[in-house]
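Chain residues, written in single-letter form:
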Amino acid sequence: MRQPVRILGKKTAILLVLSVMGMLVLSVLWQGSAAVISHSAEGHVVMLDPGHGGYDPGAITAQGVYEKSINLEIAQKVKEMLVPSGIAVFLTREEDIDYAPDGVKGKTTKKQIDLNRRIEMANEAKADVFVSLHVNATATGQNSGAETFYHYKSESGKELAELIQQELIKIPGMNRRIAKPGDFYVTKNTSMPGVIVEVGYLSSLKEQKKLQQSWYQEQLARAIAKGIANYLNLP
Ligand SMILES: [Zn+2]
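Residues numbered from 1 in each chain as written. Predicted model: local features only at pLDDT ≥ 70, side-chain atom pairs only at ≥ 80, totals over all residues.

**Considering the overall build of the protein chain**
Logical step 1: Per the secondary structure count, the protein chain includes nine helices and six strands.
Logical step 2: The proportion of buried residues among the 235 residues of the protein chain is 37%.
Logical step 3: The contacts of the protein chain with a sequence gap of at least 6 include a subset with a gap of at least 24, amounting to 76%. (Helix = DSSP H or I, 4+ residues; strand = E, 2+ residues; numbered from the N terminus. Buried ≥ 20, exposed ≤ 12 C-beta atoms within 10 Å, placed from the backbone. Contact = placed C-beta atoms within 7 Å.)

Structure below.
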């Protein structure tokens, strides 16, 4: 603030000082309900969930491409794009890890513990939205393109999914899928609107190449970030 004051007129400078004083008084008055105020004043909380990680690679291709790595790379890019808008952005994992403790046996149990921790993180952070990132794969290799899923009972989840999907289909060459309902464990158990974004198909050779490239990951990340920002009514 110091720089601009020097080039402003006296009146403006006085007004500035008065408004700063006013803000100080208001902030003192508001301290009583600090928890509530800080949430609305500092803006929104977004929990991004890079799917899989650690023991669980997600989809793997014959060429040795791991879904878990692509999920994380894109999540980090989405975060970078949202942070400048003043949004508090968290990732359920920042590195190649899972939340199943050592010694836990059984794929289903491990998966369950891992997902429960991610859901808990979103609920604890009181996130406004939960966005889980994945890459799809099929046996035939014929499908391609991004698609967004929401829990079939969640109206706000549907709205968030549609806003993200709307941006994803603007990416050049993207096929025009629509957001779809489903009954997924994470979107069912998070207490805020949640979606699953399948950013593309690793089973499509053409898409697999793009999905590993930074410029394409950035296009996907920008679409997801824009969709989230639109849902939160941010410019
Ligand atoms: Zn996945």
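**As for the environment of serine 144**
Logical step 1: In this structure, serine 144 sits in the loop between strand 3 (129-136) and strand 4 (147-151).
Logical step 2: For the pair formed by serine 144 and lysine 206, sequence separation is 62 residues and the distance between their alpha carbons is 8.7 Å.

**Here's the deal with the sheet that holds strand 3**
Logical step 1: Pairing is mixed in the open sheet, where six strands are placed in the order 2-1-3-6-4-5. Either end of the sheet is taken by a strand with one partner, and the two such strands are strand 2 (88-91) and strand 5 (180-182). On average, adjacent strands in this sheet sit at an angle of 25 degrees to one another, irrespective of strand direction. (Pairing = 2+ DSSP bridges. Axes fitted to C-alpha atoms, helices over the stretch in contact; angles between N-to-C directions.)

**Comments concerning the nonpolar core**
Logical step 1: Counting residues in hydrophobic clusters, the biggest one holds 46 residues, and the most contacted among them are Val46, Val131 and Ile224.
Logical step 2: Mapped by element, the contributors of at least two residues to this core are strand 1 (45-50), helix 4 (67-82), helix 5 (107-124), strand 3, strand 4, helix 6 (155-168), strand 6 (194-201) and helix 9 (214-231).
Logical step 3: By residue number, the principal contributor to this core is helix 9, which donates seven residues.
Logical step 4: Residues within four places of valine 131 in sequence aside, it is in contact with Val46, Leu48, Asp49, Val195, Val197, Ile224 and Ile228. (Core = buried A, V, L, I, M, F, W, Y, C linked by C-beta atoms within 7 Å.)

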